[in-house]
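Residues per chain, in single letters:
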Amino acid sequence: MNLLPLNLLNFFLSDIRDGLGPFLAIFLQQHHWEVDQIGWVMTISGLTGMIVTTPISTLADIIHAKRAVIIVSALVIILACCLNYFYPIFYMTISAQILTAIAGAAIPPAINAITLGLVGQKGYNHQLGRNESYNHGGNAFSAMMAGVFSYYFGLKAVFALMIIWTILSIITIQFIRPENINYQAARGLSETHKDPQSILDLLKKRSMIVLAITVAFFHLANAAMLPLLSQAMVARGTAGNPGAYTALTIIIAQLTMVPMALLAAKVAQTKGYKSIFIFALIALPVRGLLAGFIQHPYILIPVQMLDGVGAGLMGVAVPGLTARILDGSGRINTGIGIIMTVQGIGAALSPSIAGIIAKDCNYGTAFIALSIIAIIGLSFWLIANTSKSFSKIS
């Protein structure tokens, strides 16, 4: 089966599903927003994503129109970006980010369902790594273009690139034929399990609970680090061109994530996902401590390389672990949605916590606080993992 359209779809969607990302923080900062105001907008959009992720992921298990979900979501995100650009005022920006959160929550489960439907559980480990590598490669390429064009034309270039990427993603998805998608495999139903489990059954699985709590700690520490790094350097006057500096933070991280995702997929096929997950958890506190104690602008290189290690491994390990835990349940995408919901809680709270600490203390203290949260998450995983009830999942 030709999986090139799926790979290219992941490449083009990379710059769409998260909206403007850290560029929004810089854009709002240039419109004289306070750092805590930016944090609150990100928190509200994150909480919205948290609320809608599980219902939308459940929908991805049920409906057959998975391609339409991606197309509509991409168009909604473009509308939200236009609102942000033309009306950068508090309540309008909040409304735009709520739209972005809803649409962004719909894309990952739809992509995951299409992937499972095309390759099944047998080919999932390998293709999951390719999905992530193309996604990170697309992020790096689009960030590089955004950095170059924003240097010459300002941050408005980022908005234009979003429209181009949307058009390309809509064209690409037409080459994924609906008849090639096995809709039983797409939701994780096996030949012997014809009926899906109830959502309540998923919530009773101890391994799911441990994974969800650990992921929440990870993103509570992780989500604010990238935008906070750019804001810190801009506030200190050491970032040079803000758009180019923000783009560079993304490029370094995403280029690191590409080989990490491929490596994670290869290791998972022989040794499972647990070791990958632990390395991702370790990389995060090290990254935060470096950013907290070293204020030189070039610290972005090791800091964002560690971001690439952590996020690259995590992007493969979390859906892979979830698919292993829920294989045969018929609720794989729902389960991933539950994990993403809990992840969203951490990610939503992270910018506000970091923003308050940065305003009341300083940026260095905020990074150290985030590192402590990451260490708590790592410790919880290691302690919980000693239990025999979780050791079955690799």
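Residues numbered from 1 in each chain as written. Predicted model: local features only at pLDDT ≥ 70, side-chain atom pairs only at ≥ 80, totals over all residues. Heavy atoms only, no water.

Side note on a nonpolar patch on the surface
Then step 1. Taken together, the side chains of Phe141, Met144, Val148, Phe149, Tyr151, Tyr152 and Phe153 present a nonpolar region at the surface, about 750 Å² in accessible area.
Then step 2. Looking at the element boundaries, Met144 is found in helix α5 (residues 90–153). (Patch = residues over 30% accessible without salt bridge, like charges linked within 9 Å, V, L, I, M, F, W, Y side chains within 5 Å. Areas by Shrake-Rupley, 256 points an atom, 1.4 Å probe, with all protein chains shown as cover. Salt bridge = Lys/Arg side-chain N within 4 Å of Asp/Glu carboxyl O. Helix = DSSP H or I, 4+ residues; strand = E, 2+ residues; numbered from the N terminus.)

So, the nonpolar core
Then step 1. Counting 60 residues, the largest nonpolar core has Leu211, Leu228, Tyr273 and Phe277 as its most contacted members.
Then step 2. If you list the elements that add at least two residues to this core, you get α5, α9 (206–222), α10 (225–236), α11 (242–271), α12 (274–293), α13 (300–325), α14 (332–360) and α15 (363–384).
Then step 3. For this core, the element with the most residues is α13, which contributes ten residues.
Then step 4. Ignoring any residue separated from it by four or fewer positions in sequence, one finds Leu211 in contact with Phe277, Val318, Leu321, Thr322, Ile325, Ile339 and Trp381.
Then step 5. One finds Val41, Ile78, Ala110 and Ile251 within the second-largest nonpolar core, a separate group that totals 44 residues. (Core = buried A, V, L, I, M, F, W, Y, C linked by side-chain atoms within 4.5 Å. Buried < 20%, exposed > 50% of the residue type's maximum accessible area, 1.4 Å probe, protein only. Contact = heavy atoms within 4.5 Å.)

Observations concerning the pattern of salt bridges
Pairs can form between side chains of opposite charge once their charged atoms are near each other.
Then step 1. A full pass over the atoms with the stated rule returns two salt bridges.
Then step 2. In this structure, Glu179 engages Arg177 in a salt bridge whose closest nitrogen and oxygen atoms are separated by 3.8 Å.
Then step 3. Linking Arg287 and Asp307 is a salt bridge whose minimum nitrogen-to-oxygen distance equals 3.4 Å. Of the two residues, Arg287 sits in helix α12 while Asp307 sits in helix α13, which places them 20 residues apart along the sequence.

What to know about α15
Then step 1. If you check α15, its first and last C-alpha atoms are 32 Å apart, about what 22 residues at 1.5 Å a residue would give, namely 32 Å.
Then step 2. Buried residues of α15: Tyr363, Gly364, Ala366, Phe367, Leu370, Ser371, Ile373, Ala374, Gly377, Leu378, Trp381 and Ala384, and no others. (Expected span 1.5 Å × (residues − 1).)

Observations regarding the state of the cysteines
Then step 1. One pass over the structure, following the stated rule, counts zero disulfides.
Then step 2. As a non-bridged cysteine, Cys82 has Cys81 as the owner of its nearest cysteine sulfur, 7.0 Å distant. (Disulfide = S-S within 2.5 Å.)

Description of the packing of aromatic side chains
Then step 1. Under the criterion given, the structure shown has eleven aromatic pairs.
Then step 2. Arranged with centres 5.5 Å apart and planes meeting at 85 degrees, the rings of Phe11 and Phe12 form a pair that is edge-to-face.
Then step 3. Classification of Phe12 as buried rests on a relative accessible area of 14%.
Then step 4. A centroid spacing of 4.4 Å and a plane angle of 65 degrees characterise the contact between Phe277 and Trp381, whose relative ring orientation is edge-to-face. With Phe277 in helix α12 and Trp381 in helix α15, this pair connects stretches of sequence that are 104 residues apart. (Phe/Tyr/Trp six-rings, centres within 6.5 Å; stacked < 30°, edge-to-face > 60°.)

Concerning the confidence of the model for the protein
Then step 1. The predicted model of the protein averages 83 in pLDDT, with 92% of residues at 70 or higher.
Then step 2. α10 is the least confidently modelled element of the protein, averaging 74 in pLDDT, while α9 averages 92, the highest of any element. (pLDDT = per-residue confidence, 0-100.)

Considerations on the packing of α13 against α14
Packed helices, taken two at a time, are described by their axes: the angle between them and the distance between them.
Then step 1. Axis separation between α13 and α14 bottoms out at 9 Å; the angle between their running directions is 135 degrees. Here α13 is positioned oblique relative to α14, judged by the angle of their axes. As α13 runs across α14, the sense of the crossing is right-handed. Seen from α13, the contacting residues are Val318, Pro319, Thr322 and Ala323; seen from α14, they are Ile332, Gly335, Ile336 and Ile339.
Then step 2. The class makeup of the residues in the contact of α13 with α14 is six nonpolar, two polar and no charged. (Axes fitted to C-alpha atoms, helices over the stretch in contact; angles between N-to-C directions. Parallel < 35°, antiparallel > 145°, perpendicular 65-115°, else oblique. Left-handed = near helix turned anticlockwise from the far one by under 90°. Nonpolar A, V, L, I, M, F, W, Y, C, P; charged D, E, K, R; others polar.)

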